[in-house]
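# Analysis of the macromolecular model
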Amino acid sequence: MEEKAFKKIAIVGLGYIGLPLCIRFCESGVSVVGLDVDKEKVDSINEGNSYIKHIESSQIEKLTSIGSLIASTRFEEIELCEAVLICVPTPLGKHREPDISFVLKTGVAIAPYLKAETNTSKKLVVLVSTTYPGTTDEDLRDVLESNSGLKAGEHFHLAYSPEREDPGRTDHSVKSIPKVMGGFTPECLQRCVDLYSTAIDEVYPVTSTRVAEATKLTENIFRCVNIALVNELKVVYEKMGINVWEVIEAASTKPFGFMPFYPGPGLGGHCIPIDPFYLTWKAHEVGVKTRFIELAGEVNQSMPEHVITVVIKALNSAKKSLRSSHILILGLAYKSNVDDTRESPGFELIELLAEEGAEVDYYDPHIHSIPKIRKHHELAGKKSTDWNEETVQKYDLVLISTAHDSVNYIELSNWAKVIVDTRNAMNGIEDPKAKIYRA
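Residues numbered from 1 in each chain as written. Predicted model: local features only at pLDDT ≥ 70, side-chain atom pairs only at ≥ 80, totals over all residues. Heavy atoms only, no water.

### A few points about the overall build of the protein chain
- Counting its secondary structure elements, the protein chain contains 14 helices and 13 strands.
- Relative to the globule expectation of 22 Å for 439 residues, the C-alpha radius of gyration of the protein chain, 24 Å, shows essentially globular dimensions.
- Its C-alpha atoms put the protein chain at 80 × 50 × 40 Å along the principal axes.
- By the burial criterion, 52% of the 439 residues in the protein chain qualify as buried.
- Restricting the contact set of the protein chain to residue pairs at least 6 apart, pairs at least 24 apart contribute 69%.
- Accessible area for the protein chain stands at about 20600 Å²; split by element, carbon and sulfur atoms hold 51% of it.
- With 48 positive and 62 negative side-chain charges, the protein chain shows a separation of 2 Å between the mean positions of the two kinds. (Helix = DSSP H or I, 4+ residues; strand = E, 2+ residues; numbered from the N terminus. Rg over C-alpha atoms; globule rule 2.2 N^0.38 Å. Buried < 20%, exposed > 50% of the residue type's maximum accessible area, 1.4 Å probe, protein only. Contact = heavy atoms within 4.5 Å. Areas by Shrake-Rupley, 256 points an atom, 1.4 Å probe, with all protein chains shown as cover. Lys, Arg positive; Asp, Glu negative; His and termini not counted. Charge placed at Lys NZ, Arg CZ, Asp CG, Glu CD.)

Structure (structure tokens):
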């Protein structure tokens, strides 16, 4: 039977992945219903307001004003849609086990509305959230089939197409980043290709949902392992009196065989700190050890403690102890120039310092107050301090966790007493008044 073109789709989850997808499909001429259980997000979109820094409110207002984008908490809206994209969180549990509960709950919620309205169209369900191989064709399929009475591949199409969003980047866009996708059946794959071809410049079909799931994990494990390598080199070279940042810059002059990665105070963002453990868990299930990946995870997880060690050394040199010291964390977002705090190592730094008796504040020009987060929930509502000479001079030490471009580091070098720099932000500052330590 001939499948009709996509005129209206639903996207579940209106966060850093779902909202940009909503906008891209709307811009390509497809009507979108954005679904989320968070009524504040839904109301914000319908009022034409953005809650993500790199997305302009004017973009949303333009689309909502013409009815191209509608946000809702009502999953019944799926009845009138040809496709449903699932963009919900996939965090880790307390013991670093995968938590796909948001995916499965979404499956339960959409299942009653999967029956096609006509005999000429089967609805398409695409999982976008990062997860382990087998989630789509086993876990999600089982939930959809058992709660709908329908069969994947027979009564509805099922596919997986991982997100490749990198918040804050301007050199790539949702439209220009190639989209990998795999289907439960060849027909499911073709329907997924048809959908994304309306909005994305290049699609890259693979042979199964599991290959697509593994592709996403491989991309992020590659980054995790290489970041762990330079983090370990940082500690080694530090003991030798060698600046790892200068080493990386020099090595980057080689036009082949080297790709620069940079150290930091720990891993942040939804992908790199989490995705490797999805594969590790699944590998253990099939009786395989992932020693290389787990070692990389251990190295990266140890970085906040390494930073605290350097902070103690820096304070001691100024005849201060960590207990009762006043410390300013500079930068709370997980990466430069964004307002995204997911898995930011800044939170762990705050808690580790507080556990040792320090009084800790933060300054971030992009995060005026700490949002509600699954971990470190006790920090929610804490506000960014002011940025001026009088304020900065109150602190015994400033710890640079994230290097935002909008921060004036020359001012910082003149205002602060002691600086611990985890991002090479103070490189090239001439004649700083502050004592600067790399970590």
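### As for the sheet that holds strand E12 (residues 418–421)
- Ordered in space as E10-E9-E11-E12-E13, the 5 strands form an open sheet in which the pairing is parallel. The two strands at the open ends of the sheet, each matched to only one other strand, are strand E10 (359–363) and strand E13 (435–438). Taking the axes of each pair of neighbouring strands and ignoring which way they run, one obtains an average angle of 20° across the sheet.
- Sheet topology note: the strand E9 (residues 326–330)/E10 ladder contains 5 bridges and is parallel. (Pairing = 2+ DSSP bridges. Axes fitted to C-alpha atoms, helices over the stretch in contact; angles between N-to-C directions.)

### Re a negative patch on the surface
- Together, Glu305, Glu348, Glu355 and Glu356 line one region of the surface with negative charge.
- Here Glu348 is to be found in helix H12 (residues 345–355).
- Using a relative accessible area of 31% as the deciding quantity, one classes Glu348 as partly exposed. (Patch = residues over 30% accessible without salt bridge, like charges linked within 9 Å, V, L, I, M, F, W, Y side chains within 5 Å. Salt bridge = Lys/Arg side-chain N within 4 Å of Asp/Glu carboxyl O.)

### Notes on helix H6 (residues 186–197)
- The first and last C-alpha atoms of H6 sit 16 Å apart over 12 residues, in line with the 16 Å expected at 1.5 Å per residue.
- Residues of H6 that are buried: Cys188, Leu189, Arg191, Cys192, Val193, Leu195 and Tyr196. (Expected span 1.5 Å × (residues − 1).)

### What to know about the pairing of E9
- Burial analysis of E9 places 4 of its 5 residues in the buried class, which makes it a mostly covered element.
- At this point the chain moves from E9, through H12, to the parallel E10, and the crossover so formed is right-handed.
- Pairing of E9 with strand E11 (residues 397–400), which is carried by 4 bridges, proceeds in the parallel orientation. Each bridged residue has a counterpart across the sheet, and for Leu330 the counterpart in E11 is Ile400. (Right-handed = clockwise from strand over helix to strand, strands pointing away.)

### A look at unusual backbone geometry
- Of note in the backbone geometry, Lys319 takes a positive phi value of approximately 60° without being a glycine.
- Take Lys319: its relative accessible area is 78%, and that puts it in the exposed class.
- Here the phi dihedral of Ser324 falls at roughly 75°; this positive angle occurs in a residue that is not glycine.

### A look at the nonpolar core
- Counting residues in each nonpolar core, the largest one holds 49 residues, and the members touching the most others are Ile78, Ile110, Val125, Leu144 and Phe156.
- Tallying contributions element by element places helix H7 (residues 209–239) first for this core, with 8 residues.
- Setting aside its immediate chain neighbours within four residues, Ile78 contacts Ala10, Leu35, Val84, Ile110, Tyr113 and Lys123. (Core = buried A, V, L, I, M, F, W, Y, C linked by side-chain atoms within 4.5 Å.)

### Some details on the sheet that holds strand E7 (residues 179–183)
- One open sheet holds the 8 strands; their spatial order is E3-E2-E1-E4-E5-E6-E7-E8, and the pairing between them is mixed. Each end of this open sheet is capped by a strand with a single partner; those strands are strand E3 (69–72) and strand E8 (203–205). Within this sheet the neighbouring strands show an average axis-to-axis angle of 25°, counted without direction.
- Inspection of the sheet shows strand E4 (residues 83–86) paired to strand E5 (residues 123–127) by 4 bridges, in the parallel sense. Residue pairing in the sheet places Val84 in a bridge with Val125 of E5.

### Looking at the pairing of E7
- Of all 5 residues in E7, 5 are buried; the element is thus mostly enclosed.
- Where burial is concerned, the two faces of E7 agree: the one with Lys179, Met181 and Gly183 and the one with Val180 and Gly182 are both buried.
- As paired elements, strand E6 (residues 156–160) and E7 share 2 bridges and run antiparallel to each other. Along E7, the bridge assignment pairs Tyr160 with Gly182.
- The pairing of E7 with E8 spans 3 bridges and is classified as parallel. Within the sheet, the bridge partner assigned to Met181 lies in E8 and is Pro205.

### Remarks on the packing of helix H9 (residues 275–285) against helix H10 (residues 291–301)
- It is the contact of H9 with H10, at a shortest axis distance of 10 Å, that shows an interaxial angle of 140°. Relative to H10, the crossing made by H9 is left-handed. Taking contact as the criterion, the partners of Pro276, Phe277, Leu279, Thr280 and His284 in H9 are, on H10, Ile293, Glu294, Gly297 and Gln301.
- Looking at side-chain class alone, the contact of H9 with H10 contains 4 nonpolar, 4 polar and 1 charged residues. (Left-handed = near helix turned anticlockwise from the far one by under 90°. Nonpolar A, V, L, I, M, F, W, Y, C, P; charged D, E, K, R; others polar.)

### Observations regarding a nonpolar patch on the surface
- Taken together, the side chains of Val236, Met240, Ile242 and Val247 define a hydrophobic patch exposed on the protein surface, amounting to about 310 Å² of accessible area.
- Judged by its relative accessible area of 55%, Met240 is exposed.

### Section: the side chain of Thr131
- Here Thr131 is to be found in the loop between E5 and helix H5 (135–148).
- We classify Thr131 as buried; its relative accessible area is 1%.
- In terms of polar contacts, Thr131 uses its side chain to reach the side chain of Thr135, at 2.6 Å.
- The contact partners of Thr131, leaving out residues within four places of it in the chain, are Ile100, Tyr160, Glu213, Leu217 and Tyr278. (Polar contact = N/O pair within 3.5 Å; in protein donor to acceptor, adjacent residues only side chain to side chain.)

No statement about biological role is implied by the geometric values presented.
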